[in-house]
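Overview (structure and organization)
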Amino acid sequence: MTVQTSATTGHDSIRRLGYLDLVAADAAQAVATLTQRYGFTPAGESDSARRGEVTHVLRRGKAVLLVSSAQEPGAHADTFVAEHGSGVRDIAFLVHDADRAWKKALAHGAVPGSDGKFRHSISVFGAYEHTFVESPLFEETPPGATKERRGHVDHLALAVPYGKLDEWTDFYVEVLSFEVLMKETTDTGRSSMRSTVVREPGSGVTFTLVEPGAAEGDDQISEFLRRNAGPGIQHIAFGTRDIVASVDDWTGRGARFLAVPGRYYDTLSRRVPALRAEVDRLRSRSILADKDEKGELLQIFTAPVFERPTLFFELIERRRQSSGFGAGNIKALFQAVEDEQQRRNQ
């Protein structure tokens, strides 16, 4: 249910995601991890690399990922990685008029980004940015791409400190004309979380904003904030048309997924009757499932991708016209992540 919208729209609105810019201590090593374990395809080097950095371009269907690292002392990537570890520092938006979109954001309270070369960037969460770009790096799915790889970024999850959820929700509504789709509070008994889903109505670009349910705690959001030294991009959800095939592909490549307690599947047939015949194959892969009034949603989450236990990936398959975000699965996800935390800390 939509609980809040912004009336600001126009020619300068967001068309779609442009790319995600991920930084790492060693871009070549990060590229190897992403291609070998997660099925990304190398697409050359970017000619728009920031000063003192090298940037590789990867694709996974319609999803475009830039992977950058420093080549010279003092480069922005070095500073970012030293504080936050490997992760996404910039979420770029494709727009018709970058200068107009950038100036509109500034007029509504945004702060310019840190790099003078990227004059169409705005700062978010302190160390992070949104960049407005006019030209996509790629237009179409590569010829011969398999069905499994025709993926896209379904949504991104952004973790913010306790007490900051409403502030950042207002930022996306007032500055970037997103609308609020839903609000949720989750409690597992061990921890709690508040979340708000925001979407840019014209493009469908969607973020899930999450904050811990208490100022001090050992929950997964609080751990992310500590390990990441502040707010940031917690996970990227990639859409797929066949989640079982995608999971099998990534597992065969060496990716590791979070295990889900077996008891979760004992009631799945009752909760999502349309998936009754698939329960066994979902159970064997720890795939979660939920439904809304429009269809069914299947999702699964990886263990952390890089050295710090911060950024992870999600695979998500939407059947029929499902538009939810697995509200019925959030508690199960929390429990799985908490089990992973305990395993790491043993």
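Residues numbered from 1 in each chain as written. Predicted model: local features only at pLDDT ≥ 70, side-chain atom pairs only at ≥ 80, totals over all residues. Heavy atoms only, no water.

**Considerations on the sheet that holds strand β14 (residues 288–292)**
Taken in spatial order, the 8 strands make up an open sheet running β10-β11-β12-β9-β13-β16-β15-β14, and their pairing is mixed. Taken across any chain shown, the strands that pair with only one partner, and hence form the sheet edges, are β10 (179–187) and β14. Neighbour-to-neighbour, the strand axes of this sheet turn through a mean angle of 25°, independent of strand direction. Note: strand β9 (residues 152–159) against strand β13 (residues 232–239), 7 bridges, orientation antiparallel. The residue of β13 that forms the bridge with His-155 is Ala-237. (Pairing = 2+ DSSP bridges. Helix = DSSP H or I, 4+ residues; strand = E, 2+ residues; numbered from the N terminus. Axes fitted to C-alpha atoms, helices over the stretch in contact; angles between N-to-C directions.)

**Concerning the confidence of the model for the protein chain**
This prediction gives the protein chain a mean pLDDT of 88; 86% of its residues lie at or above 70. When mean pLDDT is taken per element in the protein chain, helix α6 (residues 243–253) scores highest with 98 and helix α9 (residues 330–345) scores lowest with 65. Counted against residues more than four places away or in other chains, residues 1–9, with its pLDDT under 50, gives 19 contacts. (pLDDT = per-residue confidence, 0-100. Contact = heavy atoms within 4.5 Å.)

**A look at the sheet that holds strand β8 (residues 128–133)**
Ordered in space as β2-β3-β4-β1-β5-β8-β7-β6, the 8 strands form an open sheet in which the pairing is mixed. Each edge of the sheet is formed by a strand with only one pairing partner; in this case those strands are β2 (41–45) and β6 (111–112). Relative to β8, strand β5 (residues 87–95) runs parallel, the two sharing 5 bridges. Each residue of the ladder has a partner; that of Ala-92, found in β8, is Thr-131. On top of the sheet, helix α4 (residues 165–176) reaches β5, β7 (121–124) and β8; it is set at about 160° to β7, its chief contact.

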